[in-house]
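As a plain string of letters, each chain reads:
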Amino acid sequence: MVDRTRDDGARSSKTLVLGIGNLLLGDEGFGIHAVRRLRDEGLPDGVDLEDGGTGGVDLLDRMAGYGRVVLIDAIRVGRDSAPVSAEAGFGDRGSRAVGGAASEGDRPRAPAPGDVVVFRLNTVELENPDPRFSLHETSLGGLLRLAASLRIQLPEIDVVGFVPAAIAWSDALSPLGSAAIEVALARVRELLAGRV
Amino acid sequence: MKGYEINVHHITRVEGHGNVVVNVRDGRIEDLRLEIVEAPRFFEVMLEGRKWDEAASITARICGICAIGHTMASILASEDALGIVPDEETKLLRKLLIDGETIQSHILHLYFLVAPDFFNVGSVIPLAGTHPEVVKRALRLKKLGNEICEILAGRKIHPIGVLPGGFARWPLPEEILRVRKILEDARPDLEATVELFKTLKMPELERKTEYVALKAPGEYAFYTGDIASSLGKVTPPQTYLDRISERVVSHSAAKHVKAQAESYAVGARARLNINHEMLRPWAKGVLKALGLKPPLTNPFHNNTAQLIEVLHCYENAIEMCDELLARKGYVHRMKQPTKYGRGAGASEVPRGVLFHDYTLDADGRITKANCIIPTGQNLANIEADMHTLVGQMAGREPQEIQRGLEMLVRAYDPCISCATHFLEVRFV
């Protein structure tokens, strides 16, 4: 069997847009809703798109062979997190910055439910990166540590994160989630075009 | 036995949130509980009002580990409600998918959740540091199930082409050959897996209980079958409500379930105890080489039964490939509904028998759904085993007893499917 989890040395130039989450848990499925929209609308040539669902450790295999991954996922922000530049979606009315350098007037603040936050994964601290490592509950932090232990080189990972407003059994996004999708898709396209 | 208290909030390495509470005073167990939140009840509400042809794709999203299993129970219930009888080739392909999923689920449980106990580490991550080849092997075997699912059902997880009446797309012969090759190539990794787990000695614990699993003529039943009990009764899946009863227990959000005895076990050990004569040769040979003779009455041997089932499913999957390849000239046609009524389906998923039950209205919409998951069925039995284990370990240090209890719960491979997987971050 070919071992595609091994370290292949040089990074590939290929890019993957990967949405993850549980489609049945409301805003937890944000990444999957985003992937579905991107599939309908199309992506630039040379960019692959995947619905990672709740694949857990499969994500290591999904990311293998790519130089860069744009990951769309629901995020939980630590209580003592520093203020960042974040955006809240307002559907047809577009989006606005609600903090950080991009804001005009608003004071920077920690991301709140309904916000979209873009960051490079290696610039943040991952909370609780391991102890409850299991099959469904695989945290990305746990996966990164596992990859490091196995000396698997991972791609550069940019995250388009959404702070969920409603986690409940539903295959639809909350109103805040629906509005934020537009912002998230715009950020994904900007990342792919190298504008972020 | 002196008094002690054990309070494990959130057992590690089980799927979802489970708490263990034990209170022993003057040698008497005053309190002993396993609390696991059972979520699929909410999922049933989600199905209500949906058209029959939406149910399979919704159920495929419940879980990333046993998506095929949930889909199977769902389409079996739907087909029963719709008056559809799938053709033999459809059944063969479904069985092949189930084999792939069972291999990957058991492998992950054994390597990621069970093995760390035997290597005396807290999780698979330190294990990856000290034994990288072991963890890489697990990841390769895990991938096997995903690849089979992708080739045959359109996606690595959460299949999309598996529907009531058949498959949205029938695989080409070369694709089935590819699956066969993937399986054959995995043999050395499976042999190494057997060698590794042979060396792990399961803790001792004996307690007689009832085992419930599906039984089908001429095979080790996974896909579907009649409901069989080690206490002797065999009845069709539609009788599941007569066979098992749920009861509310004050200490748990999840209901407890009983069949003929006060509690029963489902899962790999129950299947093996009921169907061991139908194991494929390699699986049967390894079981014998391990010196084990069914019925396996030690619950820790659910781990061993999973190992045996991995080998069985491997051999069975190759057989399914060969049978499908032999059906030259077969043209797949989706079967269409002949009625809208009520139907129940039962399928063996990695953790045990799963029941889905749908009632459709005159427009084919689901008006009522019922779903009984394996972990819910095992809860009462796990608690009964915990009682026995606490008694057996009397006089030992509480930390040791706690570890034994956690290993016991893990051996059942309990799972709830609502676990979220947020990326938890702190901006600095």
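Our subject is the structure that appears above.
Residues numbered from 1 in each chain as written. Chains lettered and ligands numbered in written order. Predicted model: local features only at pLDDT ≥ 70, side-chain atom pairs only at ≥ 80, totals over all residues. Heavy atoms only, no water.

Asker: What should I look at first to understand the pairing of strand 14 (residues 366-372) of chain B in this one?
Answerer: Regular strands place their side chains on alternate faces of the sheet. Residues and elements named next belong to chain B. Counting buried positions along strand 14 gives five out of seven residues, so the element sits mostly inside the fold. The pairing of strand 13 (residues 352-360) with strand 14 spans six bridges and is antiparallel. Considered in strand 14, the bridge of Thr359 is made with Lys368. Hairpin geometry of strand 13 and strand 14 is characterised by an intervening segment of five residues between the two adjacent antiparallel strands and by a positive phi of about 80 degrees at Gly364. (Buried < 20%, exposed > 50% of the residue type's maximum accessible area, 1.4 Å probe, protein only. Helix = DSSP H or I, 4+ residues; strand = E, 2+ residues; numbered from the N terminus. Pairing = 2+ DSSP bridges.)

Asker: Sorry, what's going on with the nonpolar core here?
Answerer: Buried together is how nonpolar side chains tend to be arranged in soluble globular proteins. In this structure, Leu146 of chain A together with Leu96, Phe112 and Leu183 of chain B are the most contacted members of the largest nonpolar core, which totals 122 residues. By size, the runner-up hydrophobic cluster in this structure holds 30 residues, among which are Tyr4, Leu205, Ala270 and Val409 of chain B. (Core = buried A, V, L, I, M, F, W, Y, C linked by side-chain atoms within 4.5 Å.)

Asker: What should I look at first to understand the packing of helix 11 (residues 281-289) of chain B against helix 12 (residues 301-326) of chain B in this one?
Answerer: Working note: a packed helix pair is described by the angle between its axes plus the distance between those axes. All names here are of chain B. Remark: helix 11 packs on helix 12, axes separated minimally by 7 Å, with the N-to-C direction vectors making an angle of 160 degrees. The orientation of helix 11 relative to helix 12 falls into the category roughly antiparallel. Once helix 11 is placed against helix 12, the crossing between them reads as right-handed. Packed against helix 11, whose contacting residues are Pro281, Trp282, Ala283, Val286 and Leu287, the element helix 12 presents Ile308, Leu311, His312, Tyr314 and Glu315 at the interface. Tallied by class, residues from the contact of helix 11 with helix 12 come to eight nonpolar, one polar and one charged. (Axes fitted to C-alpha atoms, helices over the stretch in contact; angles between N-to-C directions. Parallel < 35°, antiparallel > 145°, perpendicular 65-115°, else oblique. Left-handed = near helix turned anticlockwise from the far one by under 90°. Contact = heavy atoms within 4.5 Å. Nonpolar A, V, L, I, M, F, W, Y, C, P; charged D, E, K, R; others polar.)

Asker: What's the story with the packing of helix 8 (residues 187-198) of chain B against helix 12 of chain B in this structure? I'm lost.
Answerer: Residue and element names in this part refer to chain B. Where helix 8 meets helix 12, the closest approach of the two axes is 11 Å, and the angle between their N-to-C directions is 160 degrees. Considering the angle they form, helix 8 stands roughly antiparallel to helix 12. Between helix 8 and helix 12 lies a crossing of left-handed hand. Facing Arg187, Leu190, Thr193, Val194 and Phe197 of helix 8, the residues of helix 12 in contact are Leu307, Val310, Leu311 and Tyr314. Of the residues that constitute the contact of helix 8 with helix 12, the class distribution is seven nonpolar, one polar and one charged.

Asker: What am I meant to see in the side chain of Thr15 of chain A here?
Answerer: Residue and element names in this part refer to chain A. Looking at the element boundaries, Thr15 is found in strand 1 (residues 15-20). Overall, the relative accessible area of 12% leaves Thr15 in the buried class. When residues no more than four places from it in sequence are discounted, the contact partners of Thr15 are Gly46, Val47, Asp48, Tyr66, Arg68 and Leu192.

Asker: So what exactly am I meant to see when it comes to the sheet that holds strand 13 of chain B here?
Answerer: Pairing between sheet strands relies on hydrogen bonds along the backbone, with the strands arranged either parallel or antiparallel. Residue and element names in this part refer to chain B. The three strands lie next to each other as 12-13-14, forming an open sheet whose pairing is antiparallel. Every interior strand has two partners, whereas the edge strands, strand 12 (342-349) and strand 14, have only one. Mean inter-strand twist for the sheet, computed between neighbouring axes without regard to direction, equals 15 degrees. Together, strand 12 and strand 13 form the strand contacts of helix 3 (residues 67-82), whose direction differs from that of strand 12 by roughly 155 degrees. Lying over the sheet, helix 13 (residues 374-392) contacts strand 12, strand 13 and strand 14, oriented at roughly 130 degrees with respect to strand 13.

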